[in-house]
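# Remarks on the overall topology
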Amino acid sequence: VSKSVPRIYSTPTLTHRIHIVSRRTMVDVTKWPLFSLMEGEELSSIRQACVFGTSANEVIYITHNDDVYVFGLNCSNCLGTGDSQSTILPKKLDFLSGRKVVSLSYGSGPHILLATEEGELFAWGHNGYSQLGNGTTNQGVAPVLVSASLLNKRVTEVACGSHHSLALTNTGEVYAWGYNNCGQVGSGSTANQPTPRRVSNCLQNKVVVSITCGQTSSLAVVENGEVYGWGYNGNGQLGLGNNGNQLTPCRLVGLQGLCVLQIVSGYAHSLALTDEGLLYAWGTNTYGQLGTGNKSNQLSPVQIMAEKERIVEIAACHSTHTSAAKTQSGQVYMWGQCRGQSIVLPFLTHFSCTDDVFACFATPSVMWRLLSMEHDDFLTVSQSLKKEFDSPETADLKFSVDGKYIHVHKAVLKIRCEHFRSMFQSHWNEDMKEVIEIDQFTYPVYRSFLEFLYTDNIDLPPEDAIGLLDLATSYCENRLKRLCQHIIKRGITIENAFSLLAAAVRYDAEDLEEFCFKFCVNHLTEVTQTAAFWQIEGNLLKEFISRASRCGAFKN
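The rules behind these values
Residues numbered from 1 in each chain as written. Predicted model: local features only at pLDDT ≥ 70, side-chain atom pairs only at ≥ 80, totals over all residues. Heavy atoms only, no water. Pairing = 2+ DSSP bridges. Helix = DSSP H or I, 4+ residues; strand = E, 2+ residues; numbered from the N terminus. Buried < 20%, exposed > 50% of the residue type's maximum accessible area, 1.4 Å probe, protein only. Polar contact = N/O pair within 3.5 Å; in protein donor to acceptor, adjacent residues only side chain to side chain. pLDDT = per-residue confidence, 0-100. Contact = heavy atoms within 4.5 Å. 1 Å grid on protein atoms, 1.4 Å probe; cavity = no way out; pocket = protein on both sides within 12 Å on 5 of 7 lines; lining within 4 Å. Points joined across faces, edges and corners; volume = space filled by probe spheres on them. Nonpolar A, V, L, I, M, F, W, Y, C, P; charged D, E, K, R; others polar. Axes fitted to C-alpha atoms, helices over the stretch in contact; angles between N-to-C directions. Parallel < 35°, antiparallel > 145°, perpendicular 65-115°, else oblique. Left-handed = near helix turned anticlockwise from the far one by under 90°. UniProt positions renumbered as here; feature names shortened; annotations may be inferred.

We now examine the sheet that holds strand β5 (residues 87–92). Ordered by their spatial adjacency, 5 strands build an open sheet running β5-β4-β3-β2-β26, and the pairing between neighbours is antiparallel. The sheet terminates laterally at β5 and β26 (371–372), the two strands that pair on one side only. Where strand β3 (residues 58–63) meets strand β4 (residues 68–72), 5 bridges bridge the pair, whose relative direction is antiparallel. Counterpart to Y61 in the pairing with β4 is Y69.

Written out as structure tokens, the structure reads:
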């Protein structure tokens, strides 16, 4: 059982509202100046994009047709066009077109790593330290498949430091290569690594789920939420409690007892987000990038934003000293080096996504991740329908729930839901009614369900999401069922974890059940002290104890 960790963070209660939209927040790429010369039609074709380079002067983007384009300064052949010419107009990389991109990262040279849906890894750009993994130090003028040591391996994620590279496979193995002056390749020496080499030692029998790089450091998260670091540690960026370099992976004991979901690295600092929405920071603090209220370096992880609501996303990248975070209600905070200023405490912005922080305030104004976009250049059908939901003026049907009316349109319900297609048949009594009574579900749950049919959005606190999960199961609405599970996952706390586990079992939500079970095991000591744990019926309690025992939860 993991030890109990004192916390001053106020975790959200079941009544805290969580807003989930079934697609990404709209991002305006023209906030990055390089895109400002592109026409509207070109901009609307972009599905993924990344701005990179020492001065944020290079761009790679992928269209909805999976065509890959680049433009910009082309420092160190980082555009992959086969020549060293800069271009202000997008050029197509025919070699990569048609391949679906799942991960992309860039170094300081810069060099580029790109992983495809098929698990292929391509590299190009600066190669002075063999960071392209091809066994040479020759510049990579065009994308080349990285095959050495990765044959029959499927790469799912890539990460670049200044001049070193990491790749994560679908089996949880980490490979590293390139510059190794501080041990950032994790090989046990400081000799440069010309081709991908598996990072083993204490990661040998671990399944890694996420990787990130600082300038000359590397971090990995394993499936149980532990974090391991290696490489340069002169300012505590590995979070090990000292400032000695590590030539092989070492576990961050300062995060013991916590289950980390996401980790990001800046130039020489790192942030970690736990499954309870807690945020920890460590490393260099010259610009206030740790958000501690001062500029003192931290050799071990310290919790920040403890007084804020639950954090759902964190952001940083190795070429900046900027940090950002997003809360579950959509508030975006930034701190660190922001347009030359040192912001030492998280500052609430008006932005809707962490990406905007880097577009407007980071130096250089790169993208911290491969950005995915949705476009709303015109009023869509769903936007038009959204305005007519619960509108008495245009509705031709009313539902009565808990004595309250919800106004809807039969045609919309029949188009969107198989349950209503069956209901509004001539042999059903409901087909002739102007008012249909509903007594199986509460008003908030049923209204949210109907609104979802109009908008694809859900706006419910977790306890109502459980009721909506019941409805989605009854009506065989699998997509809605998945969204409900997502809401419940984001609302899980020590206090409600076992209740949510019971609901997942009751509604046969296997993915949610597995998530809640792992959360309960990760926080077993605290969960077993809650009222919810002891109020659960006996069979479920016995099954949980038996399953937890098989997982080794009760070993000393």
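This part takes up the side chain of H164. Here H164 lies in strand β11 (residues 164–169). For H164, a relative accessible area of 0% gives the class buried. Engagement of the side chain of H164 in a polar contact is seen with the side chain of S218, the distance being 2.9 Å.

With 93% of its residues at a pLDDT of 70 or more, the chain has an overall mean of 90. Between residues 1–25, whose pLDDT stays under 50, and residues either more than four places distant or in other chains, the model counts 82 contacts.

What follows covers empty space enclosed by the protein. If a probe the size of a water molecule is rolled over the atoms, the empty space left behind becomes visible. A full pass over the atoms with the stated rule returns 1 cavity of 30 Å³ or more. Around the largest cavity, the lining residues are G53, T54, S55, N57, E58, L73, C75 and P110. In terms of residue class, the lining of the largest cavity is made up of 3 nonpolar, 4 polar and 1 charged.

Let us now look at the packing of helix α6 (residues 443–455) against helix α7 (residues 462–474). Where α6 meets α7, the closest approach of the two axes is 9 Å, and the angle between their N-to-C directions is 60 degrees. Classified by the angle their axes make, α6 and α7 are oblique. Where α6 crosses over α7, the handedness of that crossing is right-handed. For the pair α6 and α7, the contacting residues are P444, V445, Y446, S448 and F449 in the first and D464, G467, L468 and L471 in the second. Taken together, the residues of the contact of α6 with α7 sort by class into 6 nonpolar, 2 polar and 1 charged.

Strand order in the open sheet made by the 4 strands is β6-β7-β8-β9, with antiparallel pairing throughout. Among the strands making up the open sheet, the edge pair consists of β6 (101–106) and β9 (140–145). In this sheet, adjacent strand axes meet at a mean angle of 15 degrees when their direction is disregarded.

The UniProt record annotates "repeat: RCC" (unreviewed entry) at residues 66–117, 119–171, 172–224, 225–276 and 277–328. The annotated region residues 66–117 carries 0% helix and 44% strand content, and the separation between its end C-alpha atoms amounts to 11 Å. Across residues 119–171, helical content stands at 0% and strand content at 43%; the span's end C-alpha atoms are separated by 11 Å.

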